[in-house]
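Fold and geometry: a report
What follows is the residue order along each chain.
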Amino acid sequence: MHPLPPESIIAVIGSGAMGAGIAQVAATAGHQVLLFDTRPGAADEAIAQVGATWARLVAKGRMGAVESDLARERLRCIDTLHGAAGAALVIEAIVENLEVKRALFAELEDVVASDCVLATNTSSISVTAIGAELAHPERLVGMHFFNPAPLMALVEVVSGLATDQTIADVVYATAEKWGKSPVHAKSTPGFIVNRVARPFYGEALRLLLEQSADVATLDAVMRDCGGFRMGPFELMDLIGHDVNFSVTTSVFAAYFGDPRFTPSVLQQELVNAGFLGRKTGRGFYRYGDDAAKPVAQAEAPCDQPAAVKYAGAPGSVDALVARMQAAGIAMTAIEAAPGLYCGGVAIYLTDGRSATERAQADNHRDTIVFDLLFDAASAPRIALARADRCSDDAWRAAVGLFQAAGFIVTRLDDVPGLAVMRTVAMLANEAADAVHQGVCSARAVDIAMQKGVNYPRGPLGWLDATGMGQVVTVLTNLAATYGEDRYRVSPLLRRKLAADPQGARFHD
Ligand code: NAI
C-alpha cells in the first residue's frame, strides 16, 4: 500500500502536546499541515513552539536552516474546521472524550472530501465507538502516537470493527514514510502498549505491597538487572499517578474486572493524598533541592567461596558461569539441577516459587534464588532471596560468589518470582494473550513495547531468550502460590509449549 504523497494536505485538530507534535512530524515529512484548535490563539502558540523546536535543531546542526524555513512555511493554522476542506488526512488530537470526538468527526464528515482519511489519536477510547455514528465509519482509523510524538517512533494504527483495511494500510504506510515504526492493532482496551505494559506497574506495586524491598531498591533491580531504562516507581512518578492510575482503572473496567489488571491500593492512596509524582513534588519519591535521594540496598562485601560447582542450563546459569570464569573463579561442572553450588548452598534462577518453598520441596535448607538478568555478562547488579531457614554462612558464600564476579548484590525478601522474572513473565504472558486474541502480531507487540515504552527487548523476544518452559513454570508457580486468576497462563503459551516442549519459541 502506498503512503499519502507529500503534496497531500494533513489537518491536525487539537494543538495541545500531541497535536503540536504530530503537526511537527507531518510538516517535517514534507506535507502542508493545517492546525486547528477551539481555544483562540492555541494553534498559533503551538506553531510558534514547533518553530522554536526547529530553531534549536538548526542550532545543534541536526536540521538544515533551509529545511527548517520550508517546514515552517508548510505549517499554518486555520480558524474554522472548514479550512480543513482540502485535507487528505485529518488527525484528531483533542480532549479525550467520546461525545466530543464523535461530534467533531460528524462535523468533519460534512467538510472534507469523500476520500479523506479520518484518524483519531485517542489512547483509550474505542475507535469502533468513535466511528459508530459516522455516515462512513470505514474511513476512520486510530493513529495513536506516543508522547512526545516527534521523538517516539511508535504509531499504533488501530482498526475499529468498521475500519476498511486499505485505510489502515494507507495510514500505516504514511506513518512509515514519516520515519515512524507503525504497528497494526485491533481496537481493544489499551490497544497494545497500554494493555501489555500494565504488569510493569502492577507487579512492581504488588512487590512493594508485599514489602519485598523499598522503591529505590526495586527500581535499581529493574534498571540494573532487567535493563529497563527507568524503574517502575520513578516512571510512575514521572507519568503522574493520576494519569497512570486512571489508565489502569479504565483498562481494568474495560476488561470487565479481569484480575490481571487489578489496580493497586498503594497507588489509590497516592492519588487520594495528592502525591501525584514529580509534578506535585512528591510521589513514591520526594522531589526538590532538599530531598535526599534514597539509595538501593546492597550487601556488604563477603569473602569469595573456595570451591564452586555448577550444573549448566542454556541462558541463565551458563551466562553466569561464563562471567564467573572470566573473573577468574574456578568452577567445576557437576550433574545436578541447573544452578550454582558452593559452601553447601544451592543457588537457582527463580522458578516462581519462593526460595523457602523450594528449600522445603528439595529438603535443602540452604537454598537461594536469583532474579532474571537482561544481560548476565554486563549487568552491574544481581538480586537474591534466601530461604527463611538458610544459614548466614550459606548466604555470605552466595553473596561473596556474585561479588567476586563483579555484581552489586541486592537482597530482596523471599517473594515468589522476584522482581524482573515476575514482571517479564507477566509482560510476556500479556503479549502472548494479545497475539492469541488477534489484537496484533507477535512482531507488532515486540516493536510496540520497544518503540512505545523503550523496553530493552520485546516481551516475546524476552520469552524466547528466557525459555518458554521456564516462563510457563514461573507463571504456574505464581498461580499456585497466590491462588489468583491473575497469573493464569496464556493458552497460546501452553499450546506452543505442548507442541514443542524442548524448543518452543514464539518468534520463528
Ligand atoms: P491537550 O489537553 O494538551 O490538548 C488538547 C487540545 O485540544 C487543547 O489545546 C484544546 O483546546 C483542544 N480541543 C479540545 N476540544 C477541541 C475541539 N472540539 N476541537 C478542536 N480543539 C479542541 O491534550 P493532549 O495530551 O495533546 O491529548 C490529545 C489527545 O491525544 C487525547 O485524545 C489523548 O488521549 C491523546 N493522547 C495523549 C497522549 C499524551 O501522553 N498526552 C499520548 C497519546 C495520545
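Residue positions are given per chain, counted from 1 along the sequence in the order it is written. Where totals are concerned, whole chains, interfaces and linings use all residues; where local detail is concerned, this predicted model gives features only for residues with pLDDT of at least 70, and gives and counts side-chain atom pairs only at 80 or more. The basis for the side-chain values is all heavy atoms of the structure; hydrogens and waters are excluded.

1. Section: the overall build of the protein
Strands here mean DSSP runs of E at least two residues long; helices mean DSSP runs of H or I at least four residues long; both are numbered from the N terminus. The helix and strand inventory of the protein stands at 20 helices and 15 strands. Its C-alpha atoms give the protein a radius of gyration of 26 Å, within 12% of the compact-globule value 23 Å for 508 residues. When burial is assessed residue by residue, the protein has 54% of its 508 residues classed as buried. Contacts in the protein between residues far apart in sequence, at least 24 positions, make up 68% of those at least 6 positions apart. Charge assignment: positive for Lys and Arg, negative for Asp and Glu; neither His nor the chain ends contribute. Each charge is placed at NZ for Lys, CZ for Arg, CG for Asp and CD for Glu. Between the centroid of the 44 positive side chains of the protein and the centroid of its 56 negative side chains there is a distance of 3 Å. Each radius of gyration reported is based on C-alpha atoms, and the globular scaling rule is 2.2 Å times the count of residues to the power 0.38. Only protein chains enter the accessibility calculation, which uses a 1.4 Å probe; a residue is then buried when its area is under 20% of its type maximum, exposed when over 50%, and partly exposed in between. A contact between two residues is defined here by any heavy atoms of the two lying within 4.5 Å.

2. Describing the side chain of aspartate 351
Mapped onto the secondary structure, aspartate 351 falls in the loop between β12 (345–349) and α14 (355–362). Taking the relative accessible area as the measure of exposure, aspartate 351 reaches 10% and is therefore buried. Counting of polar contacts relies on pairs of N or O atoms within 3.5 Å, with two restrictions inside protein: one atom must be capable of donating a hydrogen and the other of accepting it, and residues adjacent in sequence are counted only when both atoms are side-chain atoms. Within the local environment of aspartate 351, its side chain forms a polar contact with the side chain of arginine 353, the two groups lying 2.7 Å apart. If sequence neighbours within four positions are ignored, aspartate 351 has contacts with Arg358, Gln470, Thr473, Val474 and Asn477.

3. Re the site of the ligand
Whether a residue is near a molecule or strand is decided by its heavy atoms; if any one of them lies within 4 Å of it, the residue is near. Surveying the vicinity of the ligand reveals 21 residues, the closest of which are Met18, Asp37, Glu96, Lys101 and Asn121. Between the ligand and the protein, one listed contact pairs an oxygen atom with a side-chain N or O atom of aspartate 37 at 2.6 Å. Within the side chain of serine 123, an N or O atom sits 3.2 Å from an oxygen atom of the ligand. If you map the ligand onto the pockets, it falls in the largest pocket. Elements supplying a minimum of two residues to the shell around the ligand: α1 (17–28), α4 (98–111) and β6 (140–145). Definitions used throughout: a 1 Å grid over protein atoms alone; a cavity as a set of points that fits a 1.4 Å probe which cannot get out; a pocket as an open set with protein on both sides within 12 Å along at least five of seven lines; a lining residue as one with an atom within 4 Å of a point. A cavity or pocket is said to hold a molecule if more than half of that molecule's atoms lie within 2 Å of its grid points.

4. Examining the sheet that holds strand β14 (residues 381–386)
Here, a strand pair is defined by DSSP locating no fewer than two bridges between the strands. Read across the sheet, seven strands follow the order β10-β9-β11-β12-β13-β14-β15 without closing on themselves; strand pairing throughout is mixed. The open sheet has two edge strands with one neighbour each: β10 (331–333) and β15 (408–411). Averaged over all adjacent pairs, the angle separating strand axes in this sheet is 30°, with direction ignored. Two strands pair when backbone bridges link them, and strand β13 (residues 367–370) and β14 are joined in this way by three bridges, in the antiparallel orientation. Bridge pairing in β14 links phenylalanine 370 to leucine 384. Here the axes come from fitting lines to C-alpha atoms, over the contacting stretch only for helices, and the angles between their N-to-C directions go from 0 to 180 degrees. Packing against the sheet, helix α13 (residues 316–326) makes contact with β9 (308–311), β10, β11 (339–342), β12, β13 and β14, and its axis sits at approximately 45° to β11. Here α14 sits on the sheet in contact with β12, β13 and β14, set at roughly 135° to β13.

5. Section: the packing of aromatic side chains
Here the aromatic set is Phe, Tyr and Trp, taking the six-membered ring for Trp, and pairing holds for ring centres within 6.5 Å; pairs whose planes are under 30 degrees apart are stacked, those over 60 apart are edge-to-face, and all others are tilted. Applying the stated criterion across every chain yields a total of 12 aromatic pairs. Between phenylalanine 200 and tyrosine 201, the ring centres sit 5.7 Å apart and the planes meet at 80°, which makes this aromatic pair edge-to-face. Both residues of the pair, phenylalanine 200 and tyrosine 201, belong to the buried class. Of the aromatic side chains, those joined through ring pairs into one cluster are Phe200, Tyr201, Phe228, Phe374, Tyr455 and Trp462. Criterion for a charge above a ring: Arg CZ or Lys NZ at most 6 Å from the ring centre, at most 35 degrees from the ring normal. Taking the ring centre of tyrosine 482 as reference, the NZ or CZ of arginine 206 above it sits at 5.0 Å.

6. Digging into the packing of helix α9 (residues 215–224) against helix α10 (residues 232–239)
Their axes nearest at 7 Å, the elements α9 and α10 cross at an angle of 105°. In terms of axis orientation, α9 runs roughly perpendicular to α10. Residues Val215, Leu218, Asp219, Met222 and Arg223 of α9 touch α10, and the partners they reach there are Pro232, Phe233 and Glu234. Any angle that falls under 35 degrees is termed roughly parallel, while one over 145 is termed roughly antiparallel, one within 65 to 115 roughly perpendicular, and all others oblique.

7. Here we look at the environment of arginine 282
Within the secondary structure, arginine 282 sits in the loop between α12 (265–273) and β9. Residues arginine 282 and alanine 93, 189 residues apart in the sequence, show an inter-C-alpha distance of 29 Å. For arginine 282, the contacting residues outside a window of four places in its chain are Phe275, Leu276, Gly277 and Tyr287.

8. Describing the layout of surface pockets
Considered as a void within the structure, the largest pocket measures approximately 1100 Å³ in volume. Lining the largest pocket we find 36 residues, and of these Phe146, Asn147, Asn194, Ile239 and Val243 sit closest to its centre. When residues of the lining of the largest pocket are traced back to their parent elements, those giving at least two are α1, β6, α7 (193–196), α8 (198–209), α10 and α11 (241–254). Polar here means any residue other than Ala, Val, Leu, Ile, Met, Phe, Trp, Tyr, Cys and Pro, which are nonpolar, and Asp, Glu, Lys and Arg, which are charged; Gly is therefore polar. The residue inventory of the lining of the largest pocket, partitioned by class, reads 21 nonpolar, 11 polar and four charged. Residue ranges assigned to each domain were obtained from an automatic or database domain assignment. Of the residues that make up the lining of the largest pocket, three or more belong to each of domain 1 (9–187) and domain 2 (195–280). Grid points are joined across faces, edges and corners, and a volume is the space filled by probe spheres set on the points. For the second largest pocket, the calculated volume is near 530 Å³. Only α1 and α2 (42–59) provide two or more residues apiece to the lining of the second largest pocket.

9. Some points on the environment of valine 295
Topologically, valine 295 is positioned in the loop between α12 and β9. Along the chain, valine 295 and alanine 216 lie 79 residues apart, while their C-alpha atoms are 6.2 Å from each other.

10. Overview of the domain arrangement of the protein
The domain architecture assigned to the protein consists of domain 1 (9–187), domain 2 (195–280) and domain 3 (308–411). For domain 2 and domain 3, the distance between their C-alpha centroids amounts to 29 Å. Tallying the contact residues gives seven residues for domain 2 and 10 residues for domain 3. The quantity reported as buried area is the accessible area (1.4 Å probe) lost by two parts once they are put together, taken as the sum for both. In total, domain 2 and domain 3 occlude about 630 Å² of area from one another, counting both sides; carbon and sulfur atoms represent 64% of this. The largest share of the area that domain 2 buries against domain 3 comes from Val221, Asp224 and Cys225, three residues that together contribute 71% of it.

11. Things to note about the pattern of salt bridges
Side-chain pairs of opposite charge can arise where the charged atoms are in close proximity. The term salt bridge refers to a pairing of a side-chain nitrogen on Lys or Arg with a carboxyl oxygen on Asp or Glu at a separation within 4 Å. By the definition in use, this model includes 24 salt bridges. Residue arginine 486 is joined to glutamate 203 by a salt bridge in which the shortest nitrogen-to-oxygen separation is 3.0 Å. Taken together, the residues span a long stretch of sequence, with arginine 486 in the loop between α19 (468–482) and α20 (491–499) and glutamate 203 in helix α8 at a distance of 283 residues. An identical accessibility class is assigned to arginine 486 and glutamate 203; each is buried. Between aspartate 351 and arginine 358 there is a salt bridge, with the nearest N and O atoms lying 3.9 Å from each other. Classification of arginine 358 as buried rests on a relative accessible area of 12%. One connected set of salt bridges, linked through shared partners, spans Arg195, Arg260, Glu430 and Asp433.

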